[in-house]
Amino acid sequence: KNPYATLLSHVRIVTSAFVQKLASSANSAEEYDEILISRRNRFRAGTRFTQRGANHAGQVANAVETEQILHQRKEDNIYFCSHVQTRGSIPLRWSSPTDVKTYRPRVRIGTDPVAQAKALQRHLVEEYRQYVSGIQTNSTKIFP
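Residues numbered from 1 in each chain as written. Predicted model: local features only at pLDDT ≥ 70, side-chain atom pairs only at ≥ 80, totals over all residues. Heavy atoms only, no water.

Caption draft 1: Structural detail: the pattern of salt bridges. A complete count under the given rule lists three salt bridges for this structure. Here E65 ties to R39 by a salt bridge, and the two come within 2.3 Å at their closest N and O atoms. Note that E65 is positioned in strand 3 (residues 64-74) and R39 in strand 2 (residues 31-40), a separation of 26 residues in sequence. Between R129 and E126 there is a salt bridge, and its shortest N-O distance comes to 2.6 Å. Residue R129 and its partner E126 are both found in helix 2 (residues 113-131); the two are separated by three residues, about one turn of the helix. Sharing partners across several salt bridges, the network here consists of R39, E65 and E67. (Salt bridge = Lys/Arg side-chain N within 4 Å of Asp/Glu carboxyl O. Helix = DSSP H or I, 4+ residues; strand = E, 2+ residues; numbered from the N terminus.)

Caption draft 2: Summary view of the sheet that holds strand 1 (residues 17-23). Judged by pairing direction, the sheet is antiparallel, and its four strands sit side by side in the order 1-2-3-4 without closing on themselves. The open sheet terminates on both sides in strands that have one partner only, identified here as strand 1 and strand 4 (77-87). For this sheet, the mean angle separating the axes of adjacent strands, direction not counted, is 10°. One ladder, built from 11 bridges, connects strand 3 with strand 4; its direction is antiparallel. Residue pairing for strand 4: K74 is matched across the bridge by N77. (Pairing = 2+ DSSP bridges. Axes fitted to C-alpha atoms, helices over the stretch in contact; angles between N-to-C directions.)

Encoded structure:
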């Protein structure tokens, strides 16, 4: 079965993403493909100055997940290796409303320390749930 068909059967359809595939060079000792996928989070998307910080649920503005996948063919075996990196706004309650007159938005930081702590905690718990708790290799969990 085509390994790309298998890979694509597990991919969610996205509307704001970047995908690129790079093949190994012809003079390479091993045959491999490198796939780069960047997915923009559907929650709190916006331009740099219109969405900032985290909301009450811990979802950060302008979050992007970038995954680098290495697909290697070695003799009769096929190997996949993946690395995921996320980025987004600082997970605290803050904003910087645009000021058309000066083009220098002032940063407004939330003053409620409980709301700040809750937003940060919810963000970190979700990151852990999504990226750490489900890591598996050869059907063996490596993190609890």
